[in-house]
Amino acid sequence: MGLKGGYITANEDLYKELSDAVVSCKEDEVLAAVENARGKLSAPDIIENGLSSGMNEVGIMFERGKLFLPHVMMAAGAMQAGVDALKDEMPASTEGKGKGIIVNGTVEGDVHDIGKSIVSTMLQSAGFVVYDIGRDAPIMDFINKVKETNADMVGVSALMTTTLPGQKDVIAALEEEGLRDKVKVMVGGAPATTSWAKKIGADCYAENASEAVNKAKELLL
Ligand code: HCB
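What you see is a predicted model; the values in this text were computed from it and never measured.

Rules of the game
Residues numbered from 1 in each chain as written. Predicted model: local features only at pLDDT ≥ 70, side-chain atom pairs only at ≥ 80, totals over all residues. Heavy atoms only, no water. Axes fitted to C-alpha atoms, helices over the stretch in contact; angles between N-to-C directions. Helix = DSSP H or I, 4+ residues; strand = E, 2+ residues; numbered from the N terminus. Parallel < 35°, antiparallel > 145°, perpendicular 65-115°, else oblique. Left-handed = near helix turned anticlockwise from the far one by under 90°. Contact = heavy atoms within 4.5 Å. Patch = residues over 30% accessible without salt bridge, like charges linked within 9 Å, V, L, I, M, F, W, Y side chains within 5 Å. Areas by Shrake-Rupley, 256 points an atom, 1.4 Å probe, with all protein chains shown as cover. Salt bridge = Lys/Arg side-chain N within 4 Å of Asp/Glu carboxyl O. Buried < 20%, exposed > 50% of the residue type's maximum accessible area, 1.4 Å probe, protein only. Donors = N, O, S within 2.8 Å, 3.2 Å for Na, K, Ca; no water. 1 Å grid on protein atoms, 1.4 Å probe; cavity = no way out; pocket = protein on both sides within 12 Å on 5 of 7 lines; lining within 4 Å. Points joined across faces, edges and corners; volume = space filled by probe spheres on them. Nonpolar A, V, L, I, M, F, W, Y, C, P; charged D, E, K, R; others polar. Pairing = 2+ DSSP bridges. Right-handed = clockwise from strand over helix to strand, strands pointing away. Near = heavy atom within 4 Å. Polar contact = N/O pair within 3.5 Å; in protein donor to acceptor, adjacent residues only side chain to side chain. Sits in = over half its atoms within 2 Å of the grid points.

Chemist: Tell me what's going on with the packing of helix 6 (residues 139-149) against helix 7 (residues 165-176), and back it up with residues and numbers.
Modeler: At a closest axis distance of 9 Å, the pairing of helix 6 and helix 7 adopts a crossing angle of 45°. Comparing the axis directions of helix 6 and helix 7 gives the class oblique. Handedness of the crossing formed by helix 6 with helix 7: right-handed. Taken together, the residues of helix 7 that come into contact with helix 6 (itself represented by I139, F142, I143 and V146) are D169, V170, A173 and L174.

Here is the structure:
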């Protein structure tokens, strides 16, 4: 428990333990921290405020040369194990049921998929039907899945400045295929912003998975 005691600092201690476990790059530490937080924090809270902040810290340390790529890969694997351990505990809601089919993927050339997968899981928990087309997904995979499922929304993730234009390319392809009026487009990922979303004609930008759920509800329900 933190110095001041009480719920807020107790939660902060749990967040820190979760975050530190990801920074340790060790799967067993992440699983132990998740186990300790279970029942005290909700599954989305553990993922968004604990594990994800650890992953951001790993990113900063990588940028500063304090961690190297193999560490980042291990931290990513450890974080994914923590997220997987919580999958069955995501709150189930039927709010979005029958209201929205969402195709979600990471653009071609980009292998980052932890955040995108969290978004898919949270959207599913909210009751939306989600088709996750994975990472490094060619533009036509987005288009074909939209056609096949008659989707209402497309979520396009990009984690690198070099792959960010892929979001624009997906929108352009939707236009070319005459699908743009039928589907909403949500963009996300670290280099994306609200102004980028506006610039490329997306319907919304979501900073994290909770916001992605809220934006999907706003646009589809
Ligand atoms: Co990677 N990587 N990486 N990486 N990586 C970044 C993204 C850098 C920013 C790190 C840095 O240099 N500071 C950088 C990109 C720089 C740039 O912009 N140009 C980078 C680089 C350069 C690379 C490689 C090129 C490294 C190399 O090989 N030399 C290579 C990429 C190869 C490729 O894609 N072709 C690479 C590889 C890797 C892995 C494999 C080691 C690993 C990915 C594992 C995986 O995803 N399965 C990895 C990781 C983990 C990172 C960092 C450290 C963390 C990303 C992450 O998972 N964050 C990242 C640094 C950073 O982002 N701060 C670094 C945690 C999740 C929960 O957050 O932002 O992904 P998120 O998702 C949020 C949010 O954005 C939003 O909701 C999510 C949940 O809250 N959201 C959406 C995301 N998508 C959405 C879609 C929607 O529709 C709505 C909301």
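Chemist: Could you give an account of unusual backbone geometry, with specific residues and numbers?
Modeler: Residues other than glycine predominantly adopt negative phi, and peptide bonds predominantly adopt the trans conformation. One non-glycine residue, D136, adopts positive backbone phi at about 50°. Phi is positive for N150, which is not a glycine, with a value near 55°. Following the sequence through the fold, N150 ends up in the loop between helix 6 and strand 3 (153-157).

Chemist: Could you give an account of a nonpolar patch on the surface, naming the residues involved and the relevant values?
Modeler: A surface patch of nonpolar side chains, about 320 Å² in accessible area, is lined by F62, L69 and M73. By secondary structure assignment, the location of L69 is in helix 4 (residues 69-86). Assessed through its relative accessible area of 48%, L69 is described here as partly exposed.

Chemist: Give a description of the coordination of the cobalt atom of the ligand that names residues and reports values.
Modeler: Among protein atoms, the single one acting as a donor to the cobalt atom of the ligand is H112 (NE2), 2.2 Å away. Looking at the secondary structure, you find H112 in the loop between strand 1 (101-107) and helix 5 (114-125).

Chemist: Could you give an account of the pattern of salt bridges, with specific residues and numbers?
Modeler: Any two side chains of opposite charge can pair, on the condition that their charged atoms come close. What the rule picks out here adds up to 10 salt bridges. Between D84 and K87 there is a salt bridge; the shortest N-O distance is 3.2 Å. Accessibility expressed as a relative area gives 41% for K87, which makes it partly exposed. The closest approach of N and O atoms between E211 and K215, which form a salt bridge, is 3.3 Å. Of this pair, E211 and K215 both sit in helix 9 (residues 209-220), 4 residues apart, roughly one helical turn.

Chemist: Which residues make up the layout of surface pockets, and what values go with them?
Modeler: Taken as a whole, the largest pocket encloses approximately 1400 Å³ of empty space. Around the largest pocket, the lining comprises 44 residues; the ones closest to its centre are M55, N56, G115, L159 and A190. For the lining of the largest pocket, the secondary-structure elements that each account for two or more residues are helix 3 (43-63), helix 4, helix 5, strand 3, strand 4 (184-188), strand 5 (204-206) and helix 9. Broken down by element, the lining of the largest pocket gets its largest block of residues, 10 residues, from helix 3. Counted by class, the lining of the largest pocket contains 24 nonpolar, 14 polar and 6 charged residues.

Chemist: So what's going on with the pairing of strand 3? Residues and values would help.
Modeler: Among the 5 residues of strand 3, 5 are classified as buried, and the element is accordingly described as predominantly covered. Neither face of strand 3 is left uncovered, since the one carrying M153, G155 and S157 and the one carrying V154 and V156 both have all their residues buried. Bridge count for strand 1 against strand 3 is 5 bridges, and the pairing is parallel. In the sheet register, V103 faces strand 3, and the bridge partner there is V154. Here strand 3 pairs with strand 4 via 5 bridges, running parallel. By the bridge assignment for strand 4, V156 is matched with V187. Of the crossover connections in this fold, the one passing from strand 3 over helix 7 to the parallel strand 4 is right-handed.

Chemist: Lay out the site of the ligand with the relevant residues and their values.
Modeler: V111, H112, D113, S157 and T161 are the nearest of the 35 residues found near the ligand. Within the contact set of the ligand, an oxygen atom lies 3.1 Å away from a side-chain nitrogen or oxygen of E48. A distance of 2.7 Å separates a nitrogen atom of the ligand from a polar side-chain atom of S157. Given that more than half its atoms are within 2 Å of the pocket grid, the ligand belongs to the largest pocket. Mapped by element, the contributors of at least two residues to the shell around the ligand are helix 3, helix 4, helix 5, strand 3 and strand 4. Sort the elements by how many residues they give to the shell around the ligand and helix 3 lands first, with 6 residues. Grouping the constituent residues of the shell around the ligand by class yields 17 nonpolar, 12 polar and 6 charged.

Purely spatial values, then, with no claim about function.
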